[in-house]
Amino acid sequence: MRPAAETSWSTQQLTELLALVSALPDEADVIQRALEHAVEALEGDVGAVLTEGEVVASLGYAAAAVPVDEVCAAARGERDTLDVPGAGQCQLLVVSCDSDSHRQLLLGRVSAGGYTSEERSLARGFARVLSLALQARHTLQHEREQRVASEENARRHQALLASLRERQTLLERLARIQRSISTRRPLHEVLDAIVAGASELIGDEITGLRLIDPDDPAMLVMAASTGLTPDVRETARHSPVGAGIGGLAVSERRLVLSEHYSTGDQPLAAFRIDGVQASMAAPVFQGDDVVGSLVVATRRSGRVYTDSEQEMLVAFAEHTGLALNDARTVAALHVAVSDATRQARQDPLTDLPNRTDFLEKLRAALEEGAPVSVLFIDLDDFKLVNDTLGHPVGDALLRVVGERVVGSTRGDDQVARLGGDEFAVLLRSTPPDQAELAAERIRQSLSQPFHLPGHQISIGASTGVVLCPEGGFASAEELLRDADVAMYRAKALGKGRAVLFADSMRVDLQARSRLERDLRNAIERHEFVVHYQPIIDVDSDRVVGSEALLRWNHPELGLMPPAEFVPVAEETGLIIAIGRQVLCDATAQTARWNAVPNTPPLMVSVNISARQLMDGAVVEHVREALMRSGLPAHRLTLELTESLLVHDIDVAAGILSELKALGVKLAIDDFGTGYSSLSYLARLPVDILKVDKSFVAGVERDASEARLAATVVALARSLELQTVVEGVETESQLAALRMLGCTLFQGYLWSPPVDAGRLWELLSHTTARAIPSPRPAFV
Amino acid sequence: MPGLSGPMSLGMTTTTSTRWVGSGSSREPDAATAGREACLDAVADRPAPVLLVVFASDAYDLTQLSAAIRAAAPGVPLIGCSTSGEIAASGAGDSGVVVMALGGAGFRVSTSRASVTEVGLREAGGAVAAAATDVAASPHRVLLVLSDGLAGDQEEIVRGAYAVVGAEVPLVGGCAGDDLRMQSTSQLYDGDVLKGSVVAAAIGSDAPFGIGVEHGWRRVGEPMVVTASDGVRVLTLDDEPALDAYLRRLDAPAEAHVDPAAFTRFALTHPLGLSRRSTEEVRMVAEADFEERSLTCIARVPQGGLAWIMEGDGDSVLAATDAACRSALAGLDEQPPLGLFAFDCIARRGVLGDEGIRQEVERIAEHAAMAPVGGFYTYGEIARNSAVGGFHNQTLVVLAIA
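Small disclaimer: the values here were computed from a predicted structure and weren't measured. For every chain, the first residue of its written sequence is number 1, and the numbers climb from 1 along that sequence. Key to labels: chains lettered from A, ligands numbered from 1, both in the order written. Thresholds applied to this predicted model are a pLDDT of at least 70 for local features of residues and 80 or more for the giving and counting of side-chain atom pairs; totals over whole chains, interfaces and linings are not thresholded and use all residues. In computing side-chain properties, one takes all heavy atoms of the structure into account and sets aside hydrogens as well as water.

S.K.: Could you clarify how one ought to interpret the overall build of chain B in this entry?
M.R.: Numbering goes from the N terminus for both helices and strands, where a helix is a DSSP run of H or I of at least four residues and a strand is a run of E of at least two. When you go through chain B residue by residue, the secondary structure sums to 9 helices and 28 strands. Only heavy atoms enter the contact rule, under which two residues are in contact if any of them lie within 4.5 Å. Residue pairs at least 24 apart in sequence account for 78% of intrachain contacts in chain B once pairs closer than 6 positions are excluded. Using a 1.4 Å probe, accessible areas were evaluated by the Shrake-Rupley method; residue-level cover was limited to the displayed protein chains. Carbon and sulfur atoms make up 51% of the accessible area of chain B, which totals about 13000 Å².

Have a look at this one:
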C-alpha cells in the first residue's frame, strides 16, 4: 500500500468533490453526493450528515435502518464507535461543516486503526466544501424568493453571479495549486500560486503566507507574499506568533479579521506604517497542527469582509494545508522556511556565506585593524558549461568548486559565493605576503578535472588578489571591487591565473567598460568590416577563395584587430550578432564576385566562435545568409576552433551535423595547437583541416618540428580531409609544405587580409604569384 | 465430484453438508443442446437447486438457450448475461455457455431485475438490491449483480444498491459483454432476455462468502491532471485534448490515431488509473472521439483528479489473479470453498492472450482445489465490501462461497 501522503491524493479528492457538487442544483443532492464522496474517498463503510443534530442524510445503512439515536450520540461526541450489522464495529470521525457546528459530517470505517491526520484534514476539507456548496445554494434560493422585487433582484443577481464566479475561481485556483504540486513544481512556485490564488479570490492587493519557523516555533516567517514593498517585506519577514492578524490566526486557531487595522488587535508596525486599513487571516493546518496562516490585507479604507469571503479564505487555507501536506512538500517547506531565515546570509546552492555576509565579515575584520587579503575568483568559461551541459551540471560544478576552494583555505579564512560563478576568499590566517601563494594553491586545486556524474569537466579560474595592510583605510566594498578589477586583468591576460591588484588597473577597467559600450554601438552603426585573405591553389596558381576576417573600424581608435575586442564580444554575447553580420556580408560579397561573368567561382571561409556555435541560432543564421546571398552552400566553409568543440563533443557534433545538412563545408582551425584529440576529430563531420601557422613556422626550423607538420598533414589525409595551410610567409615554407602534398595555401607570401575592393583587384591578376607585394596589415 | 459427460461439456460439483455448488459448461453450437447439457451437469441431479447463474456467448440464441436451461431445471430462478468469453474450471472459452448452480437447504436466494433505461442507473441499482431483505434471515449475505456495462456510469448502480443494502451486504458481479463488439449486451432473468438492465441474486448462506479484488496494473510516467471531464468522457488532460495527450504519452501506433477499432484494441491494454486512498482505481478507455479529441471510459473520471496511464504484463496480471483468489478464500474463515465465481475484465484477457488466460484459469482452478469455478470476461467489475469500494475496471473480482 502506498503511503497516502506521497501524492497530493487528498487535494485531488477535494477538487473532485468541488467539481462534482458545483454542478448539482438541489440541496439534498449536494448533501448526498458529498457524503458519498467522503465515504468513498476514505474507504468508509457508513456516513451521515447531521443538521442541528438531526440526521439529514446517511449512507451504509440498509434503507430505513439508520440507528438515529446512536448516530446523533456520536455526533454529540458521546461515542466514538458504531456497530454496523454484518460489517462490524466502525471507528468514527466527526467534523463540523461550519464554525458553530450547525452541520456535521460523520464517517465510520470498519478497518482496524484510526484515522491519519491527513484523513482528518481531508474530512474537514470535505465538510468545508459541503458548507460552501450549500451556501451558494442558499444564495440561489434567496435569489428565487426575491425575484419579484426587481431592484432587489438586480442586486441579488449580482450577488449570485459573484458567488458563482467566486466558487468557480476557487475551484480554478485550487486546481492550479494542485497541478503545481502534482507536476513537481519548485516549492516557491507552489507557495506563489497559493498567495496569488488567495489574492485573486478575495480581491485584496496584499497577501501573505506565514509559516511557523521550525527553528523557533514562537516566530512566523513570511514564506510567500504579494503586494508588499521590498522594505515592508524585509521588516515583516519575521513576526511573533500572536502578533498581528496573521499571528493571532495561528495562536487562536481561528479566522481573525480586523476592518480597522491600525486601531485593532496588536497591529504590526510595518503594516500600519504601510497604510494597511483592513486585514483577515485564516489558520493553515497540517493534520491537527496549525503550521501558519494565510493573510489578506488592503490599504483601501472602508473594507468590509463578507461572510462569503471569510468562508472562502478559510476553505482556501484548509486546502493550502492539505496541499502542503504532501510529504515531499512538507520536507521542502521546512527547508524553505529555514532558508527564509538564513536567506539574508547564505548562498542556497553552496551553503557558503553570500555577498552580504561576506562583506559583513570583511567589514568586521577591517574594524579589528588586522591585515587581511581578499581573493576574487571567477571561473573561466563557466557560461559554456551552463549553456552546453545545462544548469543542473553547472550547479553541481559550482558546489564542488565551493568545496575545493574551502578545502584549499585554512583556519579563519572565509570563503563566500558572491553569485554566478564568482567566489571570494577573505584571508585572515594567511599573511598578505603569502596571499598570492594562497591564490596559487586555489588555482591549482581548481585546475584539476572535475568528475561529475556523467561528465568530466576541466575548467580554470581567474583570480584577483588585493591586500590590505594592517591599519589600511580601504572599505570592505572597495577591497572587493579592487579584487574584482584584478580578476578582470587576470582574465584579460589569458585566464587561469592570479593577478595582484595595482591602482593602474582601475583605469584599465574603465577602458574595458568603454569598449563594451562602444561594441554595442558598433553593431548599430555598422562599424564592423570584413576583410578577405585569398586562398591559393598552387597547382593551378589561382585564387580559389578567401577567408573572411573581422575588423572593427572604431570611430576614434581606427581599425582594430580582433584580439582587442573579440574576447569582450564573446563574454558579453555580442559576438552572436556580430558573427551573423559577418556571415551575411561575406556570403553576399562572394556571391557578387561569382556573379561576374567568365570568372571561376570563389569559395569563402567564415570563422564561427564558441558562443556563436553553442547559441541555438547559428544554423538559422547560416541558412539565412545563404538564402539572402544566393551563394551555393558548398561554397561556404565554416571555420571552427577545435578547443571550442571539446567542451561538449556531443552537443557540438549535433550542431555540426545540422550545419552539414545545409550543405556547407566545415573546417577545423587550430588542430594540434590545443586539446587535440584524434578521437574527437574522427567523430566530427569535418571536411577541411587548417594547418596552423605555428606548424608552418616550424618546418624551416628543425627536423622534429617539420615532422610534426608532416604528421598533421598525414593525419588529415588518413581522415580524408582536405588541408589548407595558413600563415605561409616564405618560399622555403611553401616548398617544404608542397613536398608534403599540400596544395591550398594562404599567407603573407601572397597577400595579407585586404578589403573587398582590394581583393577584387588582386583577382584581376592572371595568376596568384603575380599578386603585387603586400603591405603589412593585421592577420 | 467431477465427471466427464462427453467432449463438449464438463460438470463439477461440491457438496458440503446440505449446501452445494455445481458447474457445467458446453461449447455445443446448438443453443438448446448447449444449455441443456451445461445445466444438467451443473445440477447433476442434486436436491433442491435454488439458483442458476448463466454466462453465455451471445453467438447463441439466448432465448432458446434460457428455455433449454429452464426446461432442464424447472422452476429454479435464473440470472445470467452475455459475455466476451466464459470461464470454467476446465478452461476459458469463447462461444460457449457456463452454468453455475447453487442448492441445498443452507442457501436462500431471491432474484430481481430492473431496467436502467426505464428507471435510471441509481434507481435500478436500488431496486435490485431490495431483494437482499428477502434473505435477511441468513447470517451471511451477498448480492450478485450482473448489469449492462454499455448503459452508462455503472458506479451509479453500485451507489444505488449500496444506499439500499448498506455496508452489511457485499456487492459482487460484473458487466455483460458482447465479444468485444461494444454494441449491445444481454441480461438473462428466468426465461427473459433483457437489454439495458440489471439482474441480481441476493444469496443468503449459513457459511461465509469471501471477495477478492486485484488488478495487476502499474503506473507509467508522471501523472496528469484531469482538467476537464464530463461524466465518463475525459475532455482534457493537463489542458491538452485528452485523446492527443493519451496517444502522445503512449507513443501509440499510427492506426490507433485514426481507426476507432484499432484505438479500442490499443486502449484495452492502456487504462487510466485514478489515485485513491490505498490503491489506484483503474478506468478502461473504451473509445475515442476523433472529432472532439476526447476519451470515453467505462466509468466516471472526475474532473480535477490525477490520472496515470497504466500498463501491465502477463506476470503482473497473473500475480493479481493469485492475490484475488487468496483474499477471496481468506474470507471463508478457513472453511473449504464450495465454488468460485470469477469476474475478469476483458482487458486483462487482452494482456494475457490465449496462453495467458489458459494459465490464469488454471491458477484459479488450483486455488479452488476441486471446487467448481464459473465466470466470464466482463466490461466492468463490481465489488464492494468494507475493504474495497464500488465499481472497477480492468480488474479480477473473485467471489468464494463456503
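S.K.: Explain the overall build of chain A here, please?
M.R.: Looking only at helices and strands, chain A has 28 helices and 27 strands in total. Of the roughly 33400 Å² that chain A leaves accessible, carbon and sulfur atoms contribute 51%.

S.K.: It is not clear to me how the environment of A:Leu17 should be interpreted in this structure. Could you clarify?
M.R.: Residue and element names in this part refer to chain A. Looking at where Leu17 falls in the secondary structure, it is placed in helix H1 (residues 9–22). Among the residues examined, Leu17 registers a relative accessible area of 0% and is labelled buried. For Leu17 and Gly125, which are 108 residues apart along the polypeptide, the C-alpha to C-alpha distance reads 9.9 Å. Among all residues touching Leu17, those that are not within four sequence positions of it are Arg33, Ala34, His37, Phe126 and Val129. Between buried and exposed lies partly exposed: a residue is buried under 20% and exposed over 50% of the maximum accessible area for its type, with that area taken using a 1.4 Å probe on protein chains only.

S.K.: What is the right way to read helix H13 (residues 382–389) of chain A from this model?
M.R.: Since the α-helix turns once every 3.6 residues, residues separated by three or four places project in the same direction. All names here are of chain A. Counting buried positions along H13 gives 6 out of 8 residues, so the element sits mostly inside the fold. Of all the positions in H13, only Phe382, Leu384, Val385, Asn386, Thr388 and Leu389 are classed as buried. Packed against the buried residues of H13 are strand S12 (372–379), helix H14 (391–407), strand S16 (455–457), helix H20 (610–614) and helix H23 (649–661). Positive phi appears at Gly390, one or two residues downstream of H13, with a value of about 95 degrees.

S.K.: Just checking my understanding: could you explain the pattern of salt bridges for this structure?
M.R.: Oppositely charged side chains can form a pair if their charged atoms are brought close together. Salt bridges, as used here, are contacts in which a Lys or Arg side-chain nitrogen is within 4 Å of a carboxyl oxygen on Asp or Glu. Using the criterion set out here, one finds 52 salt bridges over all chains in the structure. As a salt-bridge pair, B:Arg159 and A:Glu36 come within 3.3 Å of each other at their nearest N and O atoms. Placement of B:Arg159 in helix H5 (residues 154–165) and of A:Glu36 in helix H2 (residues 27–41) is noted, with the two residues assigned to different chains. The exposure class assigned to B:Arg159 is buried, which follows from its relative accessible area of 9%.

S.K.: So what exactly am I meant to see when it comes to the nonpolar core here?
M.R.: Buried together is how nonpolar side chains tend to be arranged in soluble globular proteins. For this analysis, a nonpolar core means a set of buried residues of the types Ala, Val, Leu, Ile, Met, Phe, Trp, Tyr and Cys, connected via side-chain atoms within 4.5 Å. Of all hydrophobic cores here, the largest spans 106 residues; its most connected members are A:Leu105, A:Leu107, A:Leu130, B:Leu143 and B:Leu171. Broken down by element, this core gets its largest block of residues, 8 residues, from helix H4 (residues 117–145) of chain A. In this view, A:Leu130 contacts A:Val30, A:Ile31, A:Ala34, A:Val49, A:Cys97 and A:Arg103; residues no more than four positions away in its chain are not counted. Core analysis: the next-biggest nonpolar cluster, separate from the first, contains 78 residues, A:Ile575, A:Leu659, A:Leu734 and A:Leu759 among them.

S.K.: Looking at this structure, how should I read empty space enclosed by the protein?
M.R.: Regions of empty space are outlined by a rolling probe, equal in size to a water molecule, passed over the atoms. All names here are of chain A. In the cavity and pocket records, a cavity denotes points on a 1 Å grid over the protein atoms alone where a 1.4 Å probe fits but cannot get out, a pocket denotes an open set with protein on both sides within 12 Å along at least 5 of 7 lines, and lining residues are residues with an atom within 4 Å of a point. Grid points are joined across faces, edges and corners, and a volume is the space filled by probe spheres set on the points. Applying the stated rule across the entire model yields 5 cavities of 30 Å³ or more. Roughly 150 Å³ of internal volume is contained in the largest cavity. Forming the boundary of the largest cavity are 17 residues, of which Arg210, Phe271, Ser279, Val295 and Ala297 lie nearest the centre.

S.K.: Is there a simple way to explain the packing of helix H17 (residues 504–524) of chain A against helix H18 (residues 562–572) of chain A in this structure?
M.R.: A pair of packed helices is captured by two measures, namely the crossing angle of their axes and the spacing between those axes. Residue and element names in this part refer to chain A. Only the stretch in contact is used when fitting a helix axis, every axis being a line fitted to C-alpha atoms; angles between N-to-C directions are given from 0 to 180 degrees. In contact at an axis separation of 10 Å, H17 and H18 are set at 75 degrees when each is read in the N-to-C sense. Relative to H18, H17 is oriented roughly perpendicular. Here Arg512, Leu515, Glu516, Leu519 and Arg520 of H17 lie close against H18, whose contacting residues are Glu564, Phe565, Val568, Ala569, Glu571 and Thr572. Asp, Glu, Lys and Arg are counted as charged, while Ala, Val, Leu, Ile, Met, Phe, Trp, Tyr, Cys and Pro are counted as nonpolar; the rest, among them Gly, fall into the polar class. When the residues that make up the contact of H17 with H18 are grouped by side-chain class, the tally is 5 nonpolar, 1 polar and 5 charged. Under this scheme an angle from 65 to 115 degrees is roughly perpendicular, one under 35 degrees roughly parallel, and one over 145 degrees roughly antiparallel; angles in between are oblique.

S.K.: What is the right way to read the side chain of A:Arg210 from this model?
M.R.: Residues and elements named next belong to chain A. Residue placement: Arg210 occurs in strand S6 (residues 206–213). The charge count treats Lys and Arg as positive and Asp and Glu as negative. His and the chain ends do not count. Here Arg210 sits buried without a salt bridge, and the closest side chain of opposite charge, Asp213, lies 10 Å off (N-O distance). Residues adjacent in sequence count toward polar contacts only when both atoms are side-chain atoms; beyond that, a polar contact is any pair of N or O atoms within 3.5 Å, and within protein one must be able to donate a hydrogen and the other to accept it. A distance of 3.3 Å separates polar atoms of two side chains, one belonging to Arg210 and the other to Ser239. Excluding residues within four positions of it along the chain, Arg210 makes contact with Leu220, Val221, Met222, Ala236, Arg237, His238, Ser239, Leu268, Phe271, Val291, Gly292 and Ser293.

S.K.: It is not clear to me how the confidence of the model for chain B should be interpreted in this structure. Could you clarify?
M.R.: Any region with low pLDDT has predicted coordinates that should not be read closely. On a range of 0 to 100, pLDDT expresses the predictor's confidence in each residue. Per-residue confidence for chain B gives a mean pLDDT of 88, with 94% of residues at or over 70. Confidence drops under a pLDDT of 50 for residues 1–10 of chain B, and excluding neighbours within four residues, the segment shows 21 contacts in the predicted structure.

S.K.: Quick question: what am I supposed to make of the pairing of strand S14 (residues 422–427) of chain A here?
M.R.: Regular strands have side chains that alternate between both faces of the sheet. Residue and element names in this part refer to chain A. Along S14, 5 of the 6 residues are buried, which leaves the element largely enclosed by surrounding structure. Only strands joined by at least two bridges in the DSSP assignment are considered to pair. Alignment of S12 against S14, held across 6 bridges, turns out to be antiparallel. Directly across from Val374, in S14, lies its bridge partner Leu426. Taken together, the 5 bridges between strand S13 (residues 414–419) and S14 define a ladder with antiparallel strand orientation. Looking at the pairing, Val415 lines up with Val425 of S14.

S.K.: What is the right way to read the sheet that holds strand S7 (residues 91–93) of chain B from this model?
M.R.: Strand-to-strand pairing in sheets goes through backbone hydrogen bonds, with the strands running parallel or antiparallel. All names here are of chain B. Overall, mixed pairing links the 6 strands, which are arranged S7-S6-S25-S24-S28-S15 in an open sheet. The open sheet has two edge strands, S7 and strand S15 (209–214), and neither has a second partner. Going from strand to strand, the sheet's axes swing by 15 degrees on average, the running direction of each strand aside. Strand direction decides the pairing type here: strand S6 (residues 86–88) and strand S25 (residues 373–378), joined by 3 bridges, are antiparallel. Bridge pairing links Ile87 to Gly375 in S25. Packing against the sheet, helix H8 (residues 314–330) makes contact with S15, strand S24 (339–345) and strand S28 (396–401), and its axis sits at approximately 160 degrees to S15.

S.K.: Could you clarify how one ought to interpret the environment of A:Pro600 in this entry?
M.R.: Residues and elements named next belong to chain A. Considering the arrangement of structural elements, one finds Pro600 in the loop between helix H19 (574–595) and strand S22 (603–608). Classification of Pro600 by relative accessible area gives partly exposed; the value is 49%. In sequence terms Pro600 and Arg542 are 58 residues apart; their C-alpha atoms lie 9.6 Å from each other.

S.K.: Please explain the sheet that holds strand S1 (residues 46–51) of chain A as it appears in this structure.
M.R.: All names here are of chain A. Taking strand neighbours across the sheet as the criterion, the 5 strands line up as S2-S1-S5-S4-S3 in an open arrangement whose pairing is antiparallel. The open sheet has two edge strands with one neighbour each: strand S2 (54–59) and strand S3 (81–84). Each adjacent strand pair in this sheet contributes to an overall mean axis angle of 25 degrees, direction not counted.

S.K.: When you look at the side chain of A:Glu624 in this model, what are you seeing that I'm missing?
M.R.: Tracing the backbone shows A:Glu624 in helix H21 (residues 618–629). Beyond its immediate stretch of four places on either side in the chain, A:Glu624 contacts A:Arg580 and A:Cys584.

S.K.: Help me understand the packing of helix H16 (residues 476–492) of chain A against H17(A), please; the structure alone is not making it clear to me.
M.R.: Residue and element names in this part refer to chain A. Taken N-terminus to C-terminus, the directions of H16 and H17 make an angle of 70 degrees; their axes are 9 Å apart at the nearest point. The angle between H16 and H17 places the two elements in the roughly perpendicular class. The interaxial crossing formed by H16 with H17 has left-handed handedness. Of H17, the residues touching H16 (which contributes Arg481, Asp482, Val485, Ala486, Tyr488 and Arg489) are Met505, Arg506, Asp508, Leu509 and Arg512. The class makeup of the residues in the contact of H16 with H17 is 5 nonpolar, no polar and 6 charged. The handedness criterion is simple: a crossing whose near helix is rotated anticlockwise from the far helix by less than a right angle is left-handed, and one whose near helix is rotated clockwise is right-handed.

S.K.: I would appreciate a short explanation of the packing of aromatic side chains in the present structure.
M.R.: To describe a pair of aromatic rings, one takes the distance between the centres and the angle between the planes. Residue and element names in this part refer to chain A. Pairing of aromatic side chains requires ring centres within 6.5 Å, counting the rings of Phe and Tyr and the six-membered ring of Trp. Pairs whose planes differ by under 30 degrees are stacked, by over 60 edge-to-face, and all others tilted. With the rule as written, the count across this model stands at 12 aromatic pairs over all chains. With a centroid separation of 5.8 Å and 40 degrees between ring planes, the pair formed by Phe528 and Phe565 is classed as tilted. With Phe528 in strand S19 (residues 528–537) and Phe565 in helix H18, this residue pair connects regions lying 37 residues apart in the sequence. By the burial criterion, Phe528 is buried, and Phe565 matches it.

S.K.: Can you walk me through the state of the cysteines in this structure?
M.R.: One way to say it: the disulfide is the covalent bond shared by the sulfur atoms of two cysteines. All names here are of chain B. Defined by distance alone, a disulfide is two cysteine sulfur atoms within 2.5 Å. All chains considered together, the criterion is met by 0 disulfides over all chains. The thiol of Cys175 is unpaired, and the distance to the nearest cysteine sulfur, on Cys81, comes to 8.8 Å. Using a relative accessible area of 0% as the deciding quantity, one classes Cys175 as buried. Here Cys345 is not cross-linked by a disulfide; its sulfur's nearest cysteine counterpart is in Cys175, at 9.4 Å.

S.K.: Please clarify how the environment of A:Leu255 should be interpreted in this entry.
M.R.: Relative to the helices and strands, A:Leu255 resides in the loop between helix H8 (244–252) and strand S9 (256–258). Residues A:Leu255 and A:Ile245, 10 residues apart in the sequence, show an inter-C-alpha distance of 9.1 Å.

S.K.: Would you explain the confidence of the model for chain A in this entry?
M.R.: Residue and element names in this part refer to chain A. Taken as a whole, chain A shows an average pLDDT of 81; of its residues, 82% reach a score of 70 or greater. The low-confidence segment residues 1–8, where pLDDT is below 50, has 24 contacts with residues more than four positions distant or belonging to other chains. Confidence drops under pLDDT 50 across residues 146–151; counting only partners more than four residues distant or on other chains, this segment forms 4 contacts.

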